[in-house]
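# What the coordinates show
As a plain string of letters, each chain reads:
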Amino acid sequence: MKKKQFIVTAFSLILIGLFLPISSARALITEDPFGGIVSTSIRCTCSAGNRWIWFTPLYLGGPVVIAGPLIYSSFSTTLYADLNIAVSGKWHIGDYRPGRACWIRVRWFCLPLPSLGLMTKVGTN
Amino acid sequence: MPPNVAYGYFGPLTRVAVARWQTANGITPAVGYFGPISRAAIVTETNTPSNLSPSTEIDTPAALGMRANQVMLFRAFPFEVRSGDVITLDGSGFSKTINKIYFNDSNPVDATSTDGITLDVRVPLILSEGEYSLSVSNTLGSSNNPDIAIAIKVMNNPRSGPIIENASIVGDTVTLTGSGFTSANNIITTLGNSSGPISSDGVTLTFRITELSMYNEIRRFTLGNYKVAFWIYVENEHGANKEPYKLEIMI
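Just so we're clear, the structure is a prediction, and the values are computed from it rather than from any experiment.

Turning to the overall build of chain A, a few remarks are in order. Tallying secondary structure elements over chain A gives two helices and eight strands in all. From first element to last, N terminus to C terminus, chain A shows the α and β order α-α-β-β-β-β-β-β-β-β. The burial tally for chain A puts 36% of its 125 residues in the buried class.

What follows is the structure, encoded as structure tokens:
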């Protein structure tokens, strides 16, 4: 009897999970969360106002903790307290959108400096 | 607290207001909490164009993280071309209706952009051999920037820029195979640049990641424990690879 109850409960939970309305909402949102500690940063020499910031560690919500760069833009990233953007050793947490946003000067052109994406909002300690 | 004042707290007044909005938008149950159903409704609402207001489509869309009211030019690809060839410009704030592209401040060519960040332009046939500085002008102004000169080289026998076909890493040594490498190549990566030009036999190129400009600064924090997306450009007198070659490494 208990086994039957367990199977019914587990099956119900799976069904509820499948039809939760959050699934349709998430499909429309293209931002992902991130969090990490700043190691170092450089100025994006072609796209003035943007900064390339390296995080160690960098948490992106997946099973593996990585290290890597994200971009802060003074034009489009919403900055929250304590406003210590790109300060080495400070925790940063926020959302980012994958894409290229830091261009650096190389002879006759600018190259998009590799990064994981652009921070859309960020708060720091 | 009086109503209609934005205190930034979610109290009973806010809950009543949210419930009223939920009722008006057919969300049930209208309990006054903003959950996934309300979020989905507001996302749908903001993505649905209104029939009552005029079109708000922007003629000059900005690239990710760039100023919205400025036309910017980052790169022309390829670097070496014949007159009459089509080049692709990367930038921001390009118009969907009219842009003028200048070659050394003259010989304007009209072009339109579909996305605001790329422009396909045919190099005028009248251009003779030589290096030309490019600029884009539209309703936002001109991309001219004294610190950043974006150029192409018009020639009868243009050479392809570097192309990376494969990359491998053994210890701290990276070996690239491909084409278009010359006797003086610069490496630009996620871990910084090479300290000076690196020579190649034309098809293989070898460099050490420990000699890249930011390696020590980053390694000081990572201590060999982290997986990193290592992206590589090679740049020389004929141009640079358009897209970075990507490797996953531990540093």
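Past the structure itself, the notes keep going.
Our next topic: the overall build of chain B. The number of helices and strands found in chain B is three helices and 17 strands. Counting every position in chain B, which comprises 251 residues, the buried fraction comes to 31%. For chain B, restricting intrachain contacts to residue pairs at least 6 apart in sequence, the fraction spanning at least 24 positions comes to 53%.

Attention now goes to the environment of A:I53. Residues and elements named next belong to chain A. Along the polypeptide, I53 turns up in strand β2 (residues 50-59). Overall, I53 belongs to the buried group, with 26 C-beta atoms counted inside 10 Å. For the pair I53 and V106, spaced 53 residues apart in sequence, the C-alpha separation works out to 19 Å. Not counting chain neighbours up to four residues away, the residues in contact with I53 comprise V38, S41, P69, L70, Y72 and A86.

Split into domains, chain B comes out as domain 1 (12-47), domain 2 (72-154) and domain 3 (163-250). Computed over C-alpha atoms, the centres of domain 2 of chain B and domain 3 of chain B are 29 Å apart.

Here we come to the interface of chain B and chain A. Each side of the interface is counted separately: chain B has 33 residues, and chain A has 37 residues. Of all the elements in the fold, those that place two or more residues in the side of chain B that touches chain A are α2 (36-47), β1 (72-77), β9 (150-154), α3 (215-222) and β15 (227-236) of chain B. Partitioning the side of chain B that touches chain A into residue classes produces 23 nonpolar, four polar and six charged.

Here we take up the confidence of the model for chain A. Of all residues in chain A, 77% attain a pLDDT of 70 or more, and the chain-wide mean is 84. Every residue in residues 13-27 of chain A scores below 50 in pLDDT, and together they form 10 contacts with partners more than four places removed in sequence or on other chains.

This part covers the pairing of strand β7 (residues 109-112) of chain A. All names here are of chain A. Of the two faces of β7, the one lined by F109 and L111 and the one lined by C110 and P112 are each fully buried. Looking at chain direction, strand β6 (residues 103-106) and β7 are connected through four bridges and run antiparallel. Within the sheet, the bridge partner assigned to R105 lies in β7 and is C110. Count of turn residues in the β6/β7 antiparallel hairpin: two residues, of which R107 carries a positive phi of about 45°.

Helical periodicity: at 3.6 residues per turn, an α-helix aligns residues three or four positions apart in one direction. All buried positions along α3(B) are accounted for by B:I218, B:F221 and B:T222. All buried residues of α3(B) lie within an arc of 95° about the axis, which places them on one face of the element. Residues of α3(B) that are exposed and point over 90 degrees away from its buried face: B:N216 and B:R220. Residues of α3(B) that are buried make contact with β1 (32-43), β2 and β3 (66-73) of chain A.

Residues and elements named next belong to chain B. The three strands are arranged β10-β11-β14 in an open sheet whose pairing can be described as antiparallel. Lying at the two open borders of the sheet, with one neighbouring strand each, are β10 (163-170) and β14 (204-208). Averaged over all pairs of adjacent strands, the angle between their axes in this sheet comes to 20°, without regard to strand direction.

This paragraph deals with the environment of A:V65. Residues and elements named next belong to chain A. Residue position: V65 is located in the loop between β2 and β3. When the 14 C-beta atoms within 10 Å are taken as the criterion, V65 is described as partly exposed. In this structure, the C-alpha to C-alpha distance between V65 and G49, residues 16 residues apart in sequence, is 29 Å. Setting aside residues up to four positions removed in sequence, V65 forms contacts with P57 and Y59.

Now for the sheet that holds β1(B). What holds strands together in a sheet is hydrogen bonding between their backbones, with the strands either parallel or antiparallel. Residue and element names in this part refer to chain B. Pairing within the open sheet is antiparallel, and its three strands lie in the order β1-β3-β6. Bordering the open sheet on either side are β1 and β6 (118-122), each of which pairs with just one other strand. Ignoring strand direction, the axes of neighbouring strands in this sheet form an average angle of 30°. Of the pairings in the sheet, the one linking β1 to strand β3 (residues 86-92) comprises five bridges and is antiparallel in character. Paired with R75 across the bridge in β3 is D90.

What counts, and at which threshold
Residues numbered from 1 in each chain as written. Chains lettered and ligands numbered in written order. Predicted model: local features only at pLDDT ≥ 70, side-chain atom pairs only at ≥ 80, totals over all residues. Helix = DSSP H or I, 4+ residues; strand = E, 2+ residues; numbered from the N terminus. Buried ≥ 20, exposed ≤ 12 C-beta atoms within 10 Å, placed from the backbone. Contact = placed C-beta atoms within 7 Å. Domains from an automatic or database assignment. Nonpolar A, V, L, I, M, F, W, Y, C, P; charged D, E, K, R; others polar. pLDDT = per-residue confidence, 0-100. Pairing = 2+ DSSP bridges. Arc of directions from axis to C-beta. Axes fitted to C-alpha atoms, helices over the stretch in contact; angles between N-to-C directions.

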